[in-house]
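Coordinate analysis (summary)
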Amino acid sequence: GENVEQHPSTLSVQEGDSAVIKCTYSDSASNYFPWYKQELGKRPQLIIDIRSNVGEKKDQRIAVTLNKTAKHFSLHITETQPEDSAVYFCAASIEGNTPLVFGKGTRLSVIA
Amino acid sequence: NAGVMQNPRHLVRRRGQEARLRCSPMKGHSHVYWYRQLPEEGLKFMVYLQKENIIDESGMPKERFSAEFPKEGPSILRIQQVVRGDSAAYFCASSPPPLGNEQFFGPGTRLTVL
């Protein structure tokens, strides 16, 4: 089955700097890759996703890149703000209503 | 449009009791997933249901755990004879038909087993 590895497990950046979180997956059939943000005690919230037919997607300060050949995808947050502090999870699945396989999460701390 | 609803938000049970967790998907969504999150860990898939059908239960322990999504009413995750290791946050997510990939999560139920 699918296995998703996520790095780093913790990340501290200064406010205004960029943050990058990387994930790798094992199942070449996976073609849907969402990213979730989870604040302490809250629900995971979908912040961006990418499908395998594109290599990059951007939404304001957040971007995701996908390299299908290497089976890895990354989340980029630019101009970080203290409210970006949270745990971020990557996930992978096969498109068409299949369960998500999650990475173990990255705890991002943005220091003001 | 209300989001995914879960109740109760917090549930305390003693060892050996039963826990019932409820999930109402977003309006128009007919697919429900249950995930378990242990402290400081990621989410692990348990079971995927559509109305009146279990589609995939490969992540759910065969004993003590069951799930349903009846024609009317919420989806229910049931844990019988709870043990301390069942203490976790249980999240459900829903997605729209027919091939919706986006899964939207409820607020979770935090189960504590004493």
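Description of the structure in this document.

Reading the values: the criteria
Counting restarts for each chain, with residues numbered from 1 along the sequence as it is written. Each chain is given a letter, starting from A, and each ligand a number, starting from 1, according to the order in which they appear as written. In view of the model being predicted, local features appear only for residues whose pLDDT reaches at least 70, and side-chain atom pairs are presented and counted only at 80 or more, with totals across whole chains, interfaces and linings using the full set of residues. In computing side-chain properties, one takes all heavy atoms of the structure into account and sets aside hydrogens as well as water. Two cysteine sulfurs form a disulfide in these notes if their separation is within 2.5 Å. Strands here are runs of E lasting at least two residues and helices are runs of H or I lasting at least four, both read from the DSSP assignment and numbered beginning at the N terminus. The buried label goes to any residue with under 20% of its type's maximum accessible area, the exposed label to any with over 50%, and the partly exposed label to all in between, with areas taken from a 1.4 Å probe on protein chains only. Residues are treated as being in contact if the distance between any of their heavy atoms lies within 4.5 Å. The quantity reported as buried area is the accessible area (1.4 Å probe) lost by two parts once they are put together, taken as the sum for both. We define a salt bridge as a side-chain nitrogen of Lys or Arg found within 4 Å of a carboxyl oxygen belonging to Asp or Glu. Counted as a polar contact is a pair of N or O atoms within 3.5 Å, where, for protein atoms, one must be capable of donating a hydrogen and the other of accepting one, and residues adjacent in sequence contribute only when both atoms are in side chains. Think of it as three bins: nonpolar holds Ala, Val, Leu, Ile, Met, Phe, Trp, Tyr, Cys and Pro, charged holds Asp, Glu, Lys and Arg, and polar takes everything else, Gly as well. Should DSSP find at least two bridges between two strands, the strands are regarded as paired. Where helices are involved, their axes are fitted lines through C-alpha atoms of the stretch in contact, as for all axes, and angles between N-to-C directions lie from 0 to 180°. Counted charges follow a simple rule, with Lys and Arg positive, Asp and Glu negative, and His plus the chain ends left uncounted.

This part covers the state of the cysteines. Among covalent bonds in proteins, the disulfide is the one between the sulfur atoms of two cysteines. Summed over all chains, the structure comprises two disulfides over all chains. Note on cysteine connectivity: Cys23(A) is disulfide-linked to Cys90(A), with sulfurs 1.9 Å apart. Because the torsion about its S-S bond is -100°, the bridge between Cys23(A) and Cys90(A) counts as left-handed. Note that Cys23(A) is positioned in strand β3 (residues 19-25) and Cys90(A) in strand β9 (residues 86-92), a separation of 67 residues in sequence. When sorted by exposure, Cys23(A) lands in the same class as Cys90(A), which is buried. Here Cys23(B) connects covalently by a disulfide to Cys92(B), the sulfurs 1.9 Å from one another. Between Cys23(B) and Cys92(B) the sulfur-sulfur dihedral comes to about 75°; the bridge is accordingly right-handed. Of this pair, Cys23(B) sits in strand β3 (residues 19-24) while Cys92(B) is found in strand β9 (residues 88-95), placing the two residues 69 residues apart along the sequence.

Across the boundary between the two partners, chain B contributes 26 residues, which contact 23 residues of chain A. Of all residues in chain B, Leu43(B), Asn101(B) and Phe105(B) bury the most surface against chain A, accounting for 33% of the area lost on that side. Between the two partners, chain B and chain A, sit one salt bridge. Arg51(A) is the salt-bridge partner of Glu102(B), the closest N and O atoms lying 3.4 Å from each other. Between chain B and chain A we count seven residue pairs in polar contact (both at pLDDT 80 or more) in total. Among the secondary structure elements, those contributing two or more residues to the side of chain B that touches chain A are β4 (31-37), β5 (43-50), β9 and β10 (104-105) of chain B. Among the elements that line the side of chain B that touches chain A, the one with the most residues is β4(B), at four residues. In the side of chain B that touches chain A, the residues fall into 13 nonpolar, eight polar and five charged.

Looking now at the pattern of salt bridges. Residues and elements named next belong to chain B. Under the definition given, this model contains seven salt bridges over all chains. Here arginine 64 ties to aspartate 86 by a salt bridge, and the two come within 2.7 Å at their closest N and O atoms. Separated by 22 residues along the polypeptide, arginine 64 in the loop between β6 (53-56) and β7 (65-68) and aspartate 86 in the loop between β8 (75-79) and β9 bring together distant segments of the chain. Classification of aspartate 86 as buried rests on a relative accessible area of 3%.

This part is about the sheet that holds strand β8 (residues 72-77) of chain A. All names here are of chain A. Taking strand neighbours across the sheet as the criterion, the five strands line up as β1-β3-β8-β7-β6 in an open arrangement whose pairing is antiparallel. Across the chains shown, the open sheet's two edge strands, defined by having one partner strand only, are β1 (4-7) and β6 (56-59). With direction set aside, neighbouring strand axes in the sheet form an average angle of 15°. Two elements, β6 and strand β7 (residues 62-67), share four bridges in a ladder whose sense is antiparallel. Residue pairing across strands places aspartate 59 opposite isoleucine 62, the latter belonging to β7.

Attention now goes to the sheet that holds β7(B). Either a parallel or an antiparallel arrangement is found when strands of a sheet pair, and the pairing is made through backbone hydrogen bonds. Residues and elements named next belong to chain B. With antiparallel pairing, four strands are arranged side by side in an open sheet as β1-β3-β8-β7. Bordering the open sheet on either side are β1 (5-7) and β7, each of which pairs with just one other strand. Neighbour-to-neighbour, the strand axes of this sheet turn through a mean angle of 15°, independent of strand direction. With three bridges connecting them, β1 and β3 associate as antiparallel partners. Counted as the bridge partner of methionine 5 is serine 24 from β3.

This next bit is on the side chain of Glu2(A). Residues and elements named next belong to chain A. Relative to the helices and strands, glutamate 2 resides in the segment before β1. For the buried glutamate 2, no salt bridge is present, and the opposite-charge side chain at shortest range is lysine 71, 8.3 Å distant. Polar side-chain contacts of glutamate 2 include one of 2.7 Å to the backbone nitrogen of serine 26. Polar contacts involving the side chain of glutamate 2 include one to the side chain of serine 30, which spans 2.5 Å. Excluding residues that lie within four positions of it along the chain, glutamate 2 makes contacts with Tyr25, Ser26, Asp27, Ser30, Ala92 and Val101.

So, to be careful, I would describe these as geometric facts and stop short of saying anything about function.
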